[in-house]
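Chain residues, written in single-letter form:
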Amino acid sequence: MLCCLLQGWNFLEVRPFPAFTASLAMKVLLFAVLVDICLPSLIPEQEKNPHFWRRQAQETLRRALKLQQLNTNVAKNVILFLGDGMGVSTVTAARILKGQLQHRKGEETVLEMDRFPFVALSKTYNTNAQVPDSAGTATAYLCGVKANEGTVGVSAAVTRSQCNTTAGNEVTSILKWAKEAGKSVGIVTTTRVNHATPSAAYAHSADRDWYSDNEMPPEAIQQGCKDIAHQLFENIPGIEVIMGGGRKYMFPKNTSDVEYPNEEKYRGTRLDNRNLIGVWKEQKPKDKRAHYVWNRTELMNLDLDKVDYLLGLFEPMDLMYELNRNNETDPSLTEMVKVAIKILQKNPQGFFLLVEGGRIDHGHHEGKAKQALHEAVEMDRAIGLADVMTSSQETLTVVTADHSHVFTFGGYTPRGNPIFGLAPMQSDVDKKPFTSILYGNGPGYKTVAGERENVSWVDFAHANYQAQSAVPLRQETHGGEDVAVFAKGPMAHLLHGVHEQNYIPHVMAYAACIGENKGHCHSGAPHSLSAPLAMTSALICFLLLSLVF
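Residues numbered from 1 in each chain as written. Predicted model: local features only at pLDDT ≥ 70, side-chain atom pairs only at ≥ 80, totals over all residues. Heavy atoms only, no water.

Observations concerning the sheet that holds strand β10 (residues 407-409)
Argument step 1. With mixed pairing, three strands are arranged side by side in an open sheet as β10-β13-β16. The open sheet is flanked by β10 and β16 (469-472), the only strands paired with a single partner. The sheet shows a mean angle of 20° between the axes of neighbouring strands, direction not considered.
Argument step 2. Relative to β16, strand β13 (residues 437-442) runs parallel, the two being bridged by three bridges. In the strand pairing of β16, Gly 442 is matched with Pro 472. (Pairing = 2+ DSSP bridges. Helix = DSSP H or I, 4+ residues; strand = E, 2+ residues; numbered from the N terminus. Axes fitted to C-alpha atoms, helices over the stretch in contact; angles between N-to-C directions.)

Below you can see the structure in the form of structure tokens.
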């Protein structure tokens, strides 16, 4: 009975942040005691039988052997899912969370990205930074060129914030290569559409923070540099689908926001007095149907058969965290991906789609692991939906991260331990409990009377709880370790081993026969060595047989 109580405690629910209560204290104290008592019952009965593990391994082996038949088709479609800040520890914790949300123990759960047959590691450093930022990394995995931190769509010859170093050093992205090849293209993000990750797909900027001309220094404007929002509609005007946040950067300064008319911080920012939504509409051919929407209701009511271009800006800045999302006004990432694919699929030549789960990163920066991990689970849902809507015979899907975070979880937790719960032990130094999830640095560093805060006295399962960190910082930092790359579909096997991050778009372009590397694409033949090797082998066999007989 006690063990059932332990497993039934819900550390996953979202609830208000209450003051410490006697009930919470009792739960905390009982938890540590019950772990040792209940540990045997935490093991599923089938897992005690060696046959279970042998059968599982043999099934995995059978699937692996099938991978010898490589998919060398031309990729009609390419989808890149980018989990901003989704390091390996985040992937693992999100896997456990996904399972526990389904009332399972969690560790045995399979993420959608776990099903991808090919996995690699990506080296994330920027040309001038051991631990990277999201702008330089976006330039790498979208443009195929490593760059300096803080810069987007330009080479390492550009110095951050120095406009006069930009000209002649612009680099183009796989989104542009796809567009030039006749494919439809789209961008879906939970951040601003002019944030670091999406902006590298279309912009060339010496500074990632130049969201509108309001954020630019006067000398940069005088030297001819354009803000990122401006470039979104000018550089590649034919982007079919753009969805995310960032409304306020599209309107003249002090223009009231349609959703938050009384909120000054959400008013328009543009000093040039341009309405970029109007500019976007005017650019479209008269025989095409372009729709701008700003809320979920408008998006869901669209007849997608009558949509050629879609611009959806659902918040003045970034979208709400998934846990805080208003289901009436804000679409989920999965819903946006569904709409995007339906529109882009209408092009018989295929499409390229960039999908960013951008607020994983924000949750970690704020030390709010619960927000970050729920964002990762939502992105995994979107990956699953995309899998259902496309075929791996003609669609290359890549899932990766731009960088990691100093996020970890440990403490010898037992099987099925709530991912946001306590470790089953106290510190042998300060004699206080600690949560399994911790950060190397960040805003969760707290002392009370000169000592580490006792987490027994706070609601550590709250959505906005800031996990304890070793070093006090207002914002937690990125991590510098390699990140995972998951791939399936045509030429996915080219993503293997350990690669420089800028290798990724070269593989995607090779698979889709776009960009500069198209010598293997003549006559639509499969682009692998398997066919010529097979013919060579047959010829050798024929000659040997002739000699024998």
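A short note on the pairing of strand β6 (residues 309-313)
Argument step 1. Taking burial as the measure, the five residues of β6 include five buried ones, the bulk of the element.
Argument step 2. By the alternation rule, side chains of β6 split into Tyr 309, Leu 311 and Leu 313 and Leu 310 and Gly 312, which are all buried.
Argument step 3. Bridge count between strand β4 (residues 241-245) and β6: four bridges; the pairing is parallel. Paired with Gly 244 across the bridge in β6 is Leu 313.
Argument step 4. Here strand β5 (residues 290-293) pairs with β6 via four bridges, running parallel. When the bridges of β6 are listed, Val 293 appears paired with Gly 312. (Buried < 20%, exposed > 50% of the residue type's maximum accessible area, 1.4 Å probe, protein only.)

Notes on the sheet that holds strand β8 (residues 395-401)
Argument step 1. Here we have 10 strands laid out as an open sheet, ordered β5-β6-β4-β3-β7-β1-β8-β18-β2-β19, and mixed in their pairing. With one partner strand each, in any of the chains shown, β5 and β19 (497-500) form the two edges of the open sheet. Strand-to-strand twist in this sheet, taken as the mean axis angle between neighbours without regard to direction, amounts to 15°.
Argument step 2. When strand β1 (residues 77-83) meets strand β7 (residues 351-357), the two strands line up parallel, connected through six bridges. Looking at β7, one finds that Val 78 is bridged to Phe 352.
Argument step 3. Relative to β1, helix α14 (residues 369-389) is tilted by about 170°, and along the sheet it contacts β1, β3 (184-192), β7, β8 and β18 (483-488). (Contact = heavy atoms within 4.5 Å.)

Here we look at the packing of helix α5 (residues 134-143) against helix α15 (residues 503-512)
Argument step 1. α15 packs onto α5 with a crossing angle of 25° between their chain directions and a minimal axis gap of 5 Å. Here α5 lies roughly parallel to α15, going by the angle between them. Where α5 abuts α15, its residues Ala 140, Tyr 141, Leu 142 and Cys 143 lie against Ile 504, Pro 505 and Met 508.
Argument step 2. Looking at the contact of α5 with α15 residue by residue, the classes come out as seven nonpolar, no polar and no charged. (Parallel < 35°, antiparallel > 145°, perpendicular 65-115°, else oblique. Nonpolar A, V, L, I, M, F, W, Y, C, P; charged D, E, K, R; others polar.)

Focus on the confidence of the model for the protein chain
Argument step 1. Residues with a pLDDT of 70 or more make up 88% of the protein chain, whose mean pLDDT is 89.
Argument step 2. Here residues 13-22 is modelled with pLDDT under 50, and outside its nearest four sequence neighbours on either side it reaches 18 contacts, counting other chains as well.
Argument step 3. Confidence drops under pLDDT 50 across residues 28-37; counting only partners more than four residues distant or on other chains, this segment forms 15 contacts. (pLDDT = per-residue confidence, 0-100.)

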